[in-house]
Amino acid sequence: MYNKKLGVVLAAGLLAASASAGANGPTAAAIVGHTCAGCHGTLGASVGPAPVIGGLSEMYLASTMAAYKDGTRFGTVMERLGRGYTPGEILDMSKFLAAQPWVSGKIPVDAKAAEKGKTIHSANGCAGCHGPTGISPMPNTPRMAGQYADYLYFQMMDYKDAKKAIPGAAMIMRNMLTPVSDDDVKALAAFYASAK
Amino acid sequence: MSTMNRRDFVKLAGAATAVGTVGFPMVGFGAPKASVVVIGGGYAGAIAAKYTKLYVPDAEVTLIERKKEYISHPFSNEVLGGERDMKSLTFTYAGLEKRGLKVLQDEVLDIDIVSKTVKTKGGKSLKADYLIVAPGIEIKWGAIPGYGQEAAELAPHAWEAGPQTLLLKKQIDAMPDGGLLVIVAPANPFRCPPGPYERAAQIAANLTHAGKKKAKIMILDAKDAFSKQALFTEGWKHNYGDMIQWVGASGGGKVMEIDAKTLTAKTEFDDFKANVLNVIPPHRCGAIAAKVGLTDDSGWCPVNQATFESKKAKGVYVVGDSCIAGAMPKSGYAANTQAKVAAANVAGAILGMKIEKPFLTNTCYSLLAHDYGISVAGVYEVGADGVLADVKGSGGISPVGAPLDTRKRESVYGVSWYNNIVSDMFT
Ligand SMILES: Cc1cc2nc3c(=O)[nH]c(=O)nc-3n(C[C@H](O)[C@H](O)[C@H](O)COP(=O)(O)OP(=O)(O)OC[C@H]3O[C@@H](n4cnc5c(N)ncnc54)[C@H](O)[C@@H]3O)c2cc1C
C-alpha cells in the first residue's frame, strides 16, 4: 500500500503497533479509523450512548462491520455507513480500533436493576459465553462490561424482534432472549453497563 | 514526499515501538520540529490541530481562534426548542492545550499564503511550514436587499450560535398564540442543509409546549427541494399537525427583500408580515480566506479534494464550511473528517509518508422532537474527475415511514453524536 521501505517495517512485525493511536503517522488504518470518532468518540472511547468500539476484538469488529455492510445486521445508521467500505478497509479500521484501549463508559445505572440483571445473567446461562461480568475470553464475543446501557438494550430488543436482521452468530441470543421480558432486558443492560 | 529516506524510516520504526500506555506515544529522537498553524477553532480547526499533533507529536502546532470560548452551532436549534441551554453549547480550549498544542486567542488579520506567514490583531507574526485554514462562514450582508447587520438585531439569523440564538429564543418566547413566525431559507450551497427545517420543528416544539397551538410557522425558501424533505414533511405532520408550512421557490417562496422594521419578508407576489422573522441569509467562506486570495468566483475555497490542499497555494489547506468539497455538505461532521484528512496530509508531508486515499464521512442528525430523530449519512470517495462523490450504494437518509421506535433511537443517537463530536474536538 505504501512504498517498499514502509512495507519492510510492516513486514518486520510492527503491524500491531503501527495500528495504534496515530503517532506512527497517518497510516491508512489510522485515517479510516479516526473517521468513526464523531459518533464513537476519539479512538472509539465513546462518551455515549452510542457504543464504545475501541478495544473490541479485531475479529468481532470486522465481522460486525461486514454484517452491517451486507445487511445481515440491523442498525439505524451503521448499514448505510458500512456499505461505504471495502473488505480491506474494514480490516484496516478493525485492526486500528482493536489496538486501542477499552474505556468503560461513565454510565449512571439503577443499582437495583443492575443487581437483578446480574441474577438473570447467571440464571439464563449468559455467563457461559460472556463470562461472569460480560467480559469474554473469546474473540467473537464482544465485551459488554462498561458498555452503554441504552445501546445494549436496543441491541437485545433487536435480538428479540424476529423482523430485525441479526447475524448467524447472534441467533443463539435470539433464542435465549425471546422468552426474556422487556423489563428483564433492561435489567441485563443495566448490569453490563455497571460491570467492571 | 513520496519515498521515505533512511532517517524517517528509523524514526518511524522507533515511534512504532514507543507506544505509551495512555495511547499517546512519544517520537524518539532526531525529529525535526515542523510548525503548523491552524486558523479557526471550530468543528474543522479544533480537529485539524488535535489530529496533526496526534500524528506528529513533536510538531509545533498552534491554533489561532479569535473567541475565548467556542459556541457550537449544532444543537443551537435545540436551545430555540427549549431543550438545552447555551452552557451545553459552550467549550474552552483547555483540553486541547493539555495535549501540548498552543492555543492563541487572537484574530488573524492577514496571511501571506506564499511564505505562510500569519499576522494577528494582537500584533503577532507567525511563520509556519504548513497552514490549515478553517474560518467557517461569513454572512453576505445585503445579499437580500434590506438585510444588513442592523436588520439582524430585529430579525435575527441565528446562523452563528451565540447572542443571535438567544435573541431569537426571546422573540419566540414572547410570540402570541395565533402569531406567525417566518423562516427565510437560502439557496444552495449553505451551512447545514437540514438546519432550517430542523429549526422549524424545534420552534414548533417550543410553541406547542407553551400551549400556543394556533401559532404558525412558514418557511419561505429560495429552493424547490431540500435535505431529507420527505422525512421532514412526515415528521412535521406527525409531531405538529399543520403548524409548519413550507413554500418553495416556484410556489412563491423566494424572498426578494426584507423590511426588518415591520418584520416583513417580501416575495415576488406577496408581503408576509411576521411576529417573528428569522432570516437565514446567503453566506460565503470565512472572511479571512476570501481576503487573502483562497477563493474562486463562487466565494468558496477550491481545494484538491483528495488532500484539502488549496488550489491557490502550496502547503496551505482549507477545511470545513469554507472549502468546496463536492458532494459533501457544509456540516460539522464533514468538517471533522475533512480536518482529519488535511491533518493526515500535513503529517504525511512532515514524515515523508504518502497518503494514498482520503476517508471522508458525514452524518447529520435532525431532532424534530425530543424523541423523534432522523438522519442523512454519507461516505465519500474522489471520482475520476477529482470531485468527492458518495461511494456507490452507501449513505442515504433514514427510511421514510419507519416505526417510531427507529425515530426514538435516532433521537438518542443524535444526542450521542453531539456528545461524541464535541468531545473529539475539545478533549
Ligand atoms: C443552527 C445550526 C445547526 C447545525 N447543526 C448541525 C448538525 O446537527 N450537524 C452537523 O454536522 N452540522 C451542523 N451545523 C453545521 C456546522 O455548524 C458547520 O458545518 C461547522 O461549524 C463548520 O465548521 P467550521 O470549523 O468550518 O466553522 P465554525 O465551526 O464556524 O468555526 C470557525 C471558527 O473560526 C474562527 N475564525 C474565523 N475567522 C477567524 C480569524 N480571522 N481569526 C481567528 N479565528 C477566526 C471563528 O471564530 C470560529 O470559531 C449546524 C449549523 C447551524 C447554523
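Computed from a prediction, not measured in an experiment: that's the story for all the values here.

About the thresholds
Residues numbered from 1 in each chain as written. Chains lettered and ligands numbered in written order. Predicted model: local features only at pLDDT ≥ 70, side-chain atom pairs only at ≥ 80, totals over all residues. Heavy atoms only, no water. Helix = DSSP H or I, 4+ residues; strand = E, 2+ residues; numbered from the N terminus. Buried < 20%, exposed > 50% of the residue type's maximum accessible area, 1.4 Å probe, protein only. Contact = heavy atoms within 4.5 Å. Areas by Shrake-Rupley, 256 points an atom, 1.4 Å probe, with all protein chains shown as cover. Pairing = 2+ DSSP bridges. Axes fitted to C-alpha atoms, helices over the stretch in contact; angles between N-to-C directions. Core = buried A, V, L, I, M, F, W, Y, C linked by side-chain atoms within 4.5 Å. Near = heavy atom within 4 Å. Polar contact = N/O pair within 3.5 Å; in protein donor to acceptor, adjacent residues only side chain to side chain. Nonpolar A, V, L, I, M, F, W, Y, C, P; charged D, E, K, R; others polar. Domains from an automatic or database assignment. Buried area = accessible area lost by both parts, 1.4 Å probe. Salt bridge = Lys/Arg side-chain N within 4 Å of Asp/Glu carboxyl O. pLDDT = per-residue confidence, 0-100. Right-handed = clockwise from strand over helix to strand, strands pointing away. Parallel < 35°, antiparallel > 145°, perpendicular 65-115°, else oblique. Left-handed = near helix turned anticlockwise from the far one by under 90°.

S.K.: Which residues make up the overall build of chain A, and what values do they have?
M.R.: Regarding its fold elements, chain A presents eleven helices and zero strands. Tracing chain A from N to C terminus, the helices and strands come up as α-α-α-α-α-α-α-α-α-α-α. A buried classification covers 57% of the 196 residues belonging to chain A. Summarising the internal contacts of chain A: among those between residues at least 6 apart in sequence, 69% fall at separations of at least 24. Accessible area of chain A: about 8200 Å², with a carbon and sulfur share of 65%.

S.K.: Got a sec to walk through the sheet that holds strand β12 (residues 216–221) of chain B? Specific residues and values, please.
M.R.: Through backbone hydrogen bonds, the strands of a sheet pair up, either in parallel or in antiparallel fashion. All names here are of chain B. If you trace the four strands from one edge of the open sheet to the other, you get β13-β12-β11-β17, paired in parallel fashion. Two strands close off the open sheet at either side, each with one partner strand: β13 (244–247) and β17 (276–279). The sheet shows a mean angle of 15° between the axes of neighbouring strands, direction not considered. The pairing of strand β11 (residues 180–185) with β12 spans six bridges and is parallel. If you follow V184 over to β12, its bridge partner there is L220.

S.K.: Mind laying out the sheet that holds strand β16 (residues 271–273) of chain B, listing which residues take part and the relevant values?
M.R.: Residue and element names in this part refer to chain B. The antiparallel open sheet is built from three strands, whose spatial order is β14-β15-β16. Of all the strands in the sheet, just β14 (255–259) and β16 have a single pairing partner and so form its edges. Across the sheet, the mean angle from the axis of one strand to that of its neighbour is 20°, orientation sign disregarded. In terms of strand pairing, strand β15 (residues 264–267) meets β16 through three bridges, oriented antiparallel. Each residue of the ladder has a partner; that of T264, found in β16, is K273.

S.K.: Which residues make up the environment of G125 of chain A, and what values go with them?
M.R.: All names here are of chain A. Position of G125 relative to the elements: it lies in the loop between α7 (111–123) and α8 (127–130). On the accessibility criterion, G125 (42% relative accessible area) is partly exposed. For the pair G125 and A195, spaced 70 residues apart in sequence, the C-alpha separation works out to 17 Å.

S.K.: Describe the nonpolar core, with residues and values.
M.R.: All names here are of chain B. I111, I217, W236, L294 and F308 are the most contacted members of the largest nonpolar core, which totals 177 residues. With twelve residues, helix α10 (residues 332–351) is the largest single contributor of residues to this core. When near neighbours in sequence (up to four residues on either side) are disregarded, L294 contacts I113, V133, A289, W300, C301, P302, S310, K312, A313, V316 and V318. Of all hydrophobic cores here, the second largest spans 20 residues; its members include A155, L263, A265 and V279.

S.K.: Residues and numbers for the site of the ligand, please.
M.R.: All names here are of chain B. Taken together, the neighbourhood of the ligand is formed by 34 residues, with E65, Y70, R191, D321 and G332 sitting nearest. The separation between an oxygen atom of the ligand and a polar side-chain atom of Y70 is 2.5 Å. The contact in question runs from an oxygen atom of the ligand to an N or O atom on the backbone of Y333, over 3.1 Å. Compared with its free state, where it exposes 1000 Å², the ligand has 98% of that area covered by protein. Elements supplying a minimum of two residues to the shell around the ligand: β2 (60–65) and α10. Split by residue class, the shell around the ligand holds 15 nonpolar, ten polar and nine charged. The residue makeup of the shell around the ligand includes at least three contributed by each of domain 1 (6–138 + 285–356) and domain 2 (151–284).

S.K.: Tell me about the domain arrangement of chain B, and name the residues and values.
M.R.: All names here are of chain B. Its domain assignment divides chain B into domain 1 (6–138 + 285–356) and domain 2 (151–284). Centre-to-centre, using C-alpha coordinates, domain 1 lies 33 Å away from domain 2. Each side of the interface is counted separately: domain 1 has 23 residues, and domain 2 has 22 residues. Between domain 1 and domain 2, the buried area comes to about 2100 Å², and carbon and sulfur atoms account for 57% of it. Taken together, domain 1 and domain 2 are joined by two salt bridges. Note that R191 and D321 form a salt bridge whose closest N and O atoms lie 2.6 Å from each other. Inspection of the region where domain 1 meets domain 2 yields nine residue pairs in polar contact (both at pLDDT 80 or more). Going through the elements one at a time, α3 (77–80) and β10 (137–139) are the ones with two or more residues in the side of domain 1 that touches domain 2. With four residues, α3 is the single largest residue contributor to the side of domain 1 that touches domain 2.

S.K.: Requested: an account of the confidence of the model for chain B, with residues and values cited.
M.R.: All names here are of chain B. Considering every residue of chain B, the mean pLDDT works out to 93; 93% of them sit at 70 or more. Predicted confidence for residues 1–28 stays below pLDDT 50, and this span has 57 contacts to residues more than four positions away or in other chains. As scored by the predictor, the complex reaches a pTM of 0.93 and an ipTM of 0.90.

S.K.: Now, about the pairing of β12 of chain B: what can you tell me, with residues and values included?
M.R.: Residues and elements named next belong to chain B. Most of β12 sits out of view: five of its six residues are buried. Tracing the backbone out of β11, into helix α7 (residues 195–209) and back to the parallel element β12 gives a crossover that is right-handed. Following the chain from β12 across helix α8 (residues 229–240) to the adjacent parallel β13, one finds a crossover that is right-handed.

S.K.: Could you give an account of the domain arrangement of chain A, with specific residues and numbers?
M.R.: Note on interface size: it is often stated as the accessible area lost on association of the parts. All names here are of chain A. By the assigned domains, chain A splits into domain 1 (23–98) and domain 2 (111–194). In this structure, domain 1 and domain 2 have C-alpha centres spaced 21 Å apart. On the side of domain 2, 15 residues touch domain 1, which itself brings 16 residues to the contact. Buried surface at the junction of domain 1 and domain 2, summed over both partners, amounts to about 1300 Å²; 62% is from carbon and sulfur atoms. At the surface where domain 1 touches domain 2, the tally comes to nine residue pairs in polar contact (both at pLDDT 80 or more).

S.K.: Could you give me a rundown of the pairing of β13 of chain B, with the residues and numbers involved?
M.R.: The pairing of β12 of chain B with β13 of chain B spans four bridges and is classified as parallel. Directly across from L220 of chain B, in β13 of chain B, lies its bridge partner V247 of chain B.

S.K.: Which residues make up the packing of helix α6 (residues 163–174) of chain B against α7 of chain B, and what values do they have?
M.R.: All names here are of chain B. The interhelical angle for the contact between α6 and α7, taken along N-to-C directions, is 45°, at an axis separation of 10 Å. Taken as axis vectors, α6 and α7 run oblique relative to one another. Handedness of the crossing formed by α6 with α7: right-handed. Mapping the contact onto sequence places L168, K169, I172 and D173 in α6 and R199, I203, N206 and L207 in α7. Taken together, the residues of the contact of α6 with α7 sort by class into four nonpolar, one polar and three charged.

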